[in-house]
Amino acid sequence: FFRLSGVLPIEEAINLLKASITKTYSYKGEDVVKKNHDLLDAVCSDPRYLISVEVPSRWRRAVLTEEKRAYSNRHIALIDDEKTRKFMEDIAGP
């Protein structure tokens, strides 16, 4: 994603991903973290893993119906606490 989109320089993206891997898997041990770092390095350095995915043009015209919107916001209806509801609507939802 980062290489194709250019949102972040690839080296910065790899460093951020490695930091995330370390944070997420460090409780499983250094060996697990190293294996994940090695996998990330292998995937990012081999152009065979860089593929282009065709997105159907009809997806550009996709519309979120009220029914689908209600389904995607269903968790908000289960919240009774107003402070939590506001957080979910303003911060977590978008």
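Before reading on, note that the structure itself is shown above.
Structure report, in brief. Model, not experiment: these values are computed from the prediction. (Residues numbered from 1 in each chain as written. Predicted model: local features only at pLDDT ≥ 70, side-chain atom pairs only at ≥ 80, totals over all residues. Heavy atoms only, no water.)

### Quick notes on the overall build of the protein chain
Helix and strand counts for the protein chain come out as 6 helices and 0 strands. For the protein chain, the succession of helices and strands along the chain, N to C, is α-α-α-α-α-α. Burial status across the protein chain gives 12% buried among its 94 residues. Considering only contacts within the protein chain whose residues lie at least 6 apart along the sequence, 19% involve residues at least 24 apart. Of the side-chain charges in the protein chain, 16 are positive and 15 negative, and the distance between the mean point of each set is 4 Å. (Helix = DSSP H or I, 4+ residues; strand = E, 2+ residues; numbered from the N terminus. Buried < 20%, exposed > 50% of the residue type's maximum accessible area, 1.4 Å probe, protein only. Contact = heavy atoms within 4.5 Å. Lys, Arg positive; Asp, Glu negative; His and termini not counted. Charge placed at Lys NZ, Arg CZ, Asp CG, Glu CD.)

### As for the environment of Leu17
By the secondary structure assignment, Leu17 is in helix H2 (residues 10-25). Owing to a relative accessible area of 35%, Leu17 belongs among the partly exposed residues under this scheme. Distance in space between the C-alpha atoms of Leu17 and His37 is 8.7 Å, their sequence separation being 20 residues. For Leu17, the residues in contact, after removing those within four places along its chain, are Phe2 and Leu40.

### So, the side chain of His37
Assignment of secondary structure puts His37 in helix H3 (residues 30-45). Accessibility expressed as a relative area gives 18% for His37, which makes it buried. Those residues within four positions of His37 in sequence are excluded, and the remaining contacts are Lys18, Ile21 and Thr22.

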